[in-house]
Amino acid sequence: MPHMLAHSDHTLQLARETLDIEAAALLRMKDRLDERFLQAVNRVLAVQGRVVVTGMGKSGHIGRKIAATLASTGTPAMFVHPGEASHGDLGMIKTVDVVLAISNSGESDELVAILPVLKRQGVPLIALTGGLQSTLARHADVVLDCSVDKEACPLNLAPTASTTAQLAMGDALAVALLDARGFKPEDFARSHPGGSLGRKLLTHVADVMRKGAEVPQVGPDAEFTALMREMSNKGLGATSVTDADGHVLGVFTDGDLRRLIEKGLDLRSLSARDVMHPNPRTIRHDALAVEAAEMMELYRITSILVVDAQGQLCGAINSNDLMRAKVI
């Protein structure tokens, strides 16, 4: 096959026309939103089971994405292939569920074949379709109009504008439902623990802080040499100074050391109490790790001492710990 090159002007013009057609389709669909959309949202909110999304071909691909979006935003959902439904998978659909059926024409054979069974079971049916007089629309309890004037495909054949409309309507449903359910960022994070948002909203200081023997700690009367040895051994770039009960009295950092050297003091004669920075910034162990990151950025520091509910030292955390945990 000979190597083919796209004509730049024609290709860019075709791409722009595609976006124009699809954008116009969405705007027209926006103007058609009415009471039926509210009915669809309330139908979903009323069911005790799941939203079962189904569709054939490209509509099926869109359906899988809609099901995933619903599930990740607080509405239990799954996708069932209509062809497989006719061969046993209908058993996955219960009377406590609601079916969201997607078909541009509303006449997909595999989908139409299962509609009578769904109606006999009394399963509520919401249709996303462009065929407002179709078999699917006639069987549906609620019809959401996803019709488009034409496809973006130059041949007006490949599902393009129609699938964009279906996807956008699914997103609109998901957003309306998450708002109605009072879905919060913390809820989203719980279903996305591996993502950056999940790490920020689910990771606490206690999950990533240094503990026990890893935490540099000396008493206020410790000699300067002992203080420096503790800093060097623990590799945090700082050490805490605590009283006998473990309450934080102060902190001494690499920066403090540089400043003392610049003053030309006889460091060997000093104690931890003499050189510590009193009343340092601390963070609770049950705070979010992202709060520690924000504190470091705000005060231009690289490590923070961690205290428990009684104000006793229980850990330490620095920017490297947060980066390893992918919080920052």
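Throughout this description, residue numbers start from 1 for each chain and increase along the sequence as written. Since the coordinates come from a predicted model, pLDDT governs what is reported: local features require at least 70, and pairs of side-chain atoms require 80 or more to be given and counted, while whole-chain, interface and lining totals use all residues. Where side-chain values are given, they derive from all heavy atoms of the structure, hydrogens and water being excluded.

Undergrad: Honestly, the packing of helix α3 (residues 57–72) against helix α7 (residues 161–180) in this entry has me stumped. Any pointers?
TA: Any two packed helices are characterised by the angle at which their axes cross and by the distance between the axes. Running from N to C, α3 and α7 point in directions that differ by 15 degrees, and their axes come no closer than 10 Å. Overall, the two elements α3 and α7 adopt an arrangement that is roughly parallel. The handedness of the crossing between α3 and α7 is right-handed. Between α3, through Lys58, Ser59, Ile62, Lys65, Ile66, Thr69 and Leu70, and α7, the contact on the second element is made entirely by Thr163, Gln166, Leu167, Gly170, Asp171, Ala174 and Leu177. When the residues that make up the contact of α3 with α7 are grouped by side-chain class, the tally is 6 nonpolar, 5 polar and 3 charged. Lines fitted to the C-alpha atoms define the axes, with helices restricted to the stretch that makes contact. Angles between their N-to-C directions range from 0 to 180 degrees. A run of DSSP states H or I qualifies as a helix once it reaches four residues; a run of E qualifies as a strand once it reaches two. Both are numbered from the N-terminal end. Here roughly perpendicular refers to angles of 65 to 115 degrees, roughly parallel to angles under 35, roughly antiparallel to angles over 145, and oblique to all remaining angles. A crossing counts as left-handed when the near helix is turned anticlockwise from the far one by less than a right angle, and as right-handed when that turn is clockwise. By definition in these notes, contact holds between two residues if any of their heavy atoms fall within 4.5 Å. Side-chain classes are defined by residue name, with Ala, Val, Leu, Ile, Met, Phe, Trp, Tyr, Cys and Pro counting as nonpolar, Asp, Glu, Lys and Arg as charged, and the others, Gly among them, as polar.

Undergrad: Before we go on, may I ask you to explain the side chain of serine 108 in this structure?
TA: If you trace the backbone, serine 108 turns up in the loop between β3 (98–103) and α5 (109–121). Given a relative accessible area of 18%, serine 108 falls into the buried group. For serine 108, the residues in contact, after removing those within four places along its chain, are Met56 and Ser103. For every residue, the accessible area obtained with a 1.4 Å probe (protein chains only) is divided by the maximum for its type, and the residue is called buried under 20%, exposed over 50%, and partly exposed between those limits.

Undergrad: Can you walk me through the packing of aromatic side chains in this structure?
TA: The geometry of an aromatic ring pair is captured by two quantities: the separation of the ring centres and the angle between the planes. Put simply, two rings from Phe, Tyr or Trp (the six-membered ring, in Trp's case) pair if the centres are within 6.5 Å, and we call them stacked under 30 degrees between planes, edge-to-face over 60, tilted for the rest. Taken as a whole and assessed by the stated rule, the structure comprises 1 aromatic pair. With 5.9 Å between their ring centres and 80 degrees between their planes, phenylalanine 224 and phenylalanine 252 make a pair best called edge-to-face. Pair noted here: phenylalanine 224 is in helix α11 (residues 224–234) and phenylalanine 252 is in strand β8 (residues 248–253), with a separation of 28 residues, a long-range link. We classify phenylalanine 224 as buried; its relative accessible area is 6%. The aromatic ring of tyrosine 299 is capped on one face by arginine 281, whose charged end is 3.4 Å from the ring centroid. Our definition puts a charge over a ring when NZ of Lys or CZ of Arg is within 6 Å of the ring centre and also within 35 degrees of the ring normal.

Undergrad: Would you explain the sheet that holds strand β4 (residues 125–129) in this entry?
TA: Spatially, 5 strands are ordered β2-β1-β3-β4-β5 in an open sheet, and the strand pairing comes out parallel. Looking at strand neighbours, the two that pair on one side only are β2 (77–79) and β5 (142–145), the edges of this open sheet. The mean angle between the axes of side-by-side strands here comes to 20 degrees, regardless of whether they run parallel or antiparallel. Bridge count for β3 against β4 is 5 bridges, and the pairing is parallel. Bridge pairing links alanine 101 to alanine 127 in β4. In this fold α3 packs onto β1 (51–55), β2, β3 and β4, with an angle of close to 160 degrees to the strand it touches most, β2. Strands are labelled as partners when DSSP assigns at least two bridges between them.

Any functional reading would require information beyond the geometric quantities listed.
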